[in-house]
Every structure is written in C-alpha cells, then in structure tokens.
Amino acid sequence: MLNSIIEQLKLVKDFRKNRGKRHELWVVLTIIILALLTGNVTDKQIDNFRKNEEHKLIKLLKITAKKLPSYSSIRRVMIGINLIEIQLIFQSKIKKYYWQK
C-alpha cells in the first residue's frame, strides 16, 4: 500500500519554486506522512523522526540523495501543501483497500 500512496504523491503538483529545490516533493511528503503515522505530530517530532530514521528512509524510498530534506524544507512543505489534495489521496486508497476486504 505504501508504494501505491507514493505513486499518488508523485502526481501532486509541486508548489515550490525551482530555485534551491533539492528534494522531490513526494519524498518530503512521504517523510511527513510516515512520521505522522508513527505518532510524531509536532514539527520537532517529525524532524527527530527524519534524523533518527534517515538511513532507513533513504533505503526505503530508493532515493539517490545522501541526506534527507532539512527541517526547514519539511516545514515549508507542511505550510504550503494543499491538504485537500493529500486528503483525497488517502480517501481513495482507503476506499480501494477497505472496500475490497
């Protein structure tokens, strides 16, 4: 199911300016979502999750970067993202997987 969600996150329109953008939006969103799903809800908790799980996340997400997005990059995405678009992704996945069972 994670791969299915990631594929949908890759379709989310990136609102950020190209200048200085080092990480794909889907990577930042996936880190935020995984942090939230594991009970890390504050900015600081999400950042600690990112730091503590960095090597695992790089491997899991199969990204070529040696480092994950910084605290400020994650925070900017959290502030600027269209939450309704993310909510619709989750609603569609929940309907798909739970209606089948």
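Please read these numbers as outputs of a predicted model, since none were measured by experiment.

Visitor: Where do I start with the overall build of the protein in this structure?
Guide: Each helix and strand counted, the protein has six helices and zero strands in total. Taken from the N to the C terminus, the helices and strands of the protein come in the order α-α-α-α-α-α. For 101 residues, the compact-globule estimate of 2.2 N^0.38 gives 13 Å, and the C-alpha radius of gyration of the protein, at 14 Å, lies within 12% of that figure. Overall, the protein is about 40 × 30 × 25 Å in size when its C-alpha atoms are taken along their principal axes.

Visitor: Help me understand the packing of helix α1 (residues 2-9) against helix α2 (residues 25-37) in this model?
Guide: In a pair of packed helices, the angle between the axes and the distance between the axes together describe the arrangement. In the contact formed by α1 and α2, the axes pass within 9 Å of each other and the chain directions differ by 135°. Overall, the two elements α1 and α2 adopt an arrangement that is oblique. In this structure, α1 meets α2 at a crossing whose hand is right-handed. Of α2, the residues touching α1 (which contributes Leu 2, Ile 6 and Leu 9) are Trp 26, Leu 29, Thr 30, Ile 33 and Leu 34.

Visitor: What is the right way to look at the environment of Gln 91 in this model?
Guide: Tracing the chain through its elements places Gln 91 in helix α6 (residues 83-100). Considered as a pair, Gln 91 and Arg 19 are 72 residues apart in the sequence and their alpha carbons are 32 Å apart.

Cut-offs applied
Residues numbered from 1 in each chain as written. Predicted model: local features only at pLDDT ≥ 70, side-chain atom pairs only at ≥ 80, totals over all residues. Heavy atoms only, no water. Helix = DSSP H or I, 4+ residues; strand = E, 2+ residues; numbered from the N terminus. Rg over C-alpha atoms; globule rule 2.2 N^0.38 Å. Axes fitted to C-alpha atoms, helices over the stretch in contact; angles between N-to-C directions. Parallel < 35°, antiparallel > 145°, perpendicular 65-115°, else oblique. Left-handed = near helix turned anticlockwise from the far one by under 90°. Contact = heavy atoms within 4.5 Å.

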